[in-house]
Amino acid sequence: MGQGGKRRVIVAFSGASGPDYALRILELLAEMEVESHFVMSRSAKISLAHESDHKVRDFEERATRVYANDDIAAPIASGSFLTEGMIIAPCSAKTLGEIAAGIGGTLIARAADVVLKERRRLVVMLRETPLNLIHCRNMTTVTEAGGIIMPPVPAFYPRPKTVQDIVDHTAGRALDLLGLHSAGVRRWKDD
């Protein structure tokens, strides 16, 4: 919980495929009236331009606060800034490696490091395939430090009909890991 009992979540988008995950998470947080503190890497902006008709402003308009990835003095870089945790959606192998090595040279890596040191929830939606041994070791290191590795693998029990159905379900499940439950997530054996 943030100051005044307001719930806060850090949302980051690093340079991996799948910008719609971050966008949907920001939308769901707004629907839940949870403050979202958003940061996007330079590589994320490049992948966004190649994969989507969305613009950077579409993400920024949905976030409560927006930070530059080189602003390591931002509030989310401090453990005294209270949050429910952080979701990196999607997360590149580069960002995963920075987090695993404890390199806090960007705001995304620093905020993730802070979340781990404060024993808050860090959800890493690694978007890479196939995986090499370095990726596997970095995932192990982040998991051992308390992070949750959640590759955005689609679930088919909700019987998705569109790509947006898959994105919606995956985004909702990521928020579940922070204890934030979206009413729109179809649960297993949910009638």
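Note: the structure precedes this text.
Residues numbered from 1 in each chain as written. Predicted model: local features only at pLDDT ≥ 70, side-chain atom pairs only at ≥ 80, totals over all residues. Heavy atoms only, no water.

Student: An account of the overall build of the protein chain is needed here, citing residue identities and associated values.
Tutor: In terms of helices and strands, the protein chain carries 7 helices and 6 strands. Along the protein chain, from the amino end to the carboxyl end, the secondary structure elements read β-α-β-α-α-β-β-α-α-β-α-β-α. The C-alpha atoms of the protein chain give a radius of gyration of 15 Å, which matches the 16 Å a tight globule of 191 residues would have. Principal axes of the C-alpha set define a box for the protein chain whose edges measure 45 × 45 × 35 Å. Within the protein chain, the fraction of its 191 residues that count as buried is 48%. If you sum the accessible surface of the protein chain, you get close to 9,500 Å²; carbon and sulfur atoms cover 50% of it. Charge centroids of the protein chain, computed over 24 positive and 23 negative side chains, lie 3 Å from each other. (Helix = DSSP H or I, 4+ residues; strand = E, 2+ residues; numbered from the N terminus. Rg over C-alpha atoms; globule rule 2.2 N^0.38 Å. Buried < 20%, exposed > 50% of the residue type's maximum accessible area, 1.4 Å probe, protein only. Areas by Shrake-Rupley, 256 points an atom, 1.4 Å probe, with all protein chains shown as cover. Lys, Arg positive; Asp, Glu negative; His and termini not counted. Charge placed at Lys NZ, Arg CZ, Asp CG, Glu CD.)

Student: Any details on the pattern of salt bridges? Residues and values, ideally.
Tutor: All told, the structure shown has 10 salt bridges when counted by the stated rule. In this structure, R8 engages E35 in a salt bridge whose closest nitrogen and oxygen atoms are separated by 3.1 Å. Of this pair, R8 sits in strand β1 (residues 8–13) while E35 sits in strand β2 (residues 35–40), and the two are 27 residues apart along the sequence. We classify R8 as buried; its relative accessible area is 8%. Each of the salt bridges in this network shares a partner with another, and the network as a whole consists of R24, E27, E31, R62 and D168. (Salt bridge = Lys/Arg side-chain N within 4 Å of Asp/Glu carboxyl O.)

Student: Outline the sheet that holds strand β6 (residues 148–149), supporting the account with residue identities and numerical values.
Tutor: Strand order across the open sheet formed by 6 strands is β3-β2-β1-β4-β5-β6, with parallel pairing between neighbours. Either end of the sheet is taken by a strand with one partner, and the two such strands are β3 (65–68) and β6. Direction of pairing for β2 relative to β3: parallel, over a ladder of 4 bridges. In the strand pairing of β3, H37 is matched with R65. (Pairing = 2+ DSSP bridges.)

Student: A description of the packing of aromatic side chains should follow, citing residues and the corresponding values.
Tutor: Scanning all chains against the criterion turns up 3 aromatic pairs. Members of the aromatic cluster, joined through ring pairs, are F13, F38 and F59. Directly above the ring of F81 sits R8, whose terminal nitrogen or CZ lies 4.0 Å from the centroid. (Phe/Tyr/Trp six-rings, centres within 6.5 Å; stacked < 30°, edge-to-face > 60°. Lys NZ or Arg CZ within 6 Å of the ring centre and 35° of its normal.)

Student: How would you summarise the pairing of β1 if you had to cite specific residues and measurements?
Tutor: Within β1, 6 of the 6 residues are buried, which leaves the element mostly enclosed by the surrounding structure. The side-chain alternation of β1 yields two buried faces, one formed by R8, I10 and A12 and the other by V9, V11 and F13. Note that the unit made of β1, helix α1 (residues 19–31) and β2 has a crossover that is right-handed. Pairing geometry for β1 and strand β4 (residues 85–91), over 4 bridges, is parallel. Its bridge partner lying in β4, V11 is registered against I87. (Right-handed = clockwise from strand over helix to strand, strands pointing away.)

Student: Quick rundown of the pairing of β2? Include the residues and the values.
Tutor: For a regular strand, side chains alternate in direction, first toward one face of the sheet and then toward the other. Extensive coverage of β2 is indicated by the burial of 6 of its 6 residues. Alternating residues of β2 divide into E35, H37 and V39 and S36, F38 and M40, and every residue in both groups is buried. Of the pairings in the sheet, the one linking β1 to β2 comprises 6 bridges and is parallel in character. Considered in β2, the bridge of R8 is made with E35.

Student: Please give an account of the packing of α1 against helix α7 (residues 163–176) that cites residues and values.
Tutor: Between α1 and α7, the least distance of the axes is 9 Å, while the angle of their chain directions is 60 degrees. Regarding the angle of α1 to α7, the classification is oblique. Crossing of α1 against α7: the hand is right-handed. Of α7, the residues touching α1 (which contributes D20, Y21, R24, I25, L28 and L29) are Q164, V167, D168, T170, A171, G172, A174 and L175. Residue composition of the contact of α1 with α7, by class: 8 nonpolar, 3 polar and 3 charged. (Axes fitted to C-alpha atoms, helices over the stretch in contact; angles between N-to-C directions. Parallel < 35°, antiparallel > 145°, perpendicular 65-115°, else oblique. Left-handed = near helix turned anticlockwise from the far one by under 90°. Contact = heavy atoms within 4.5 Å. Nonpolar A, V, L, I, M, F, W, Y, C, P; charged D, E, K, R; others polar.)

No statement about biological role is implied by the geometric values presented.
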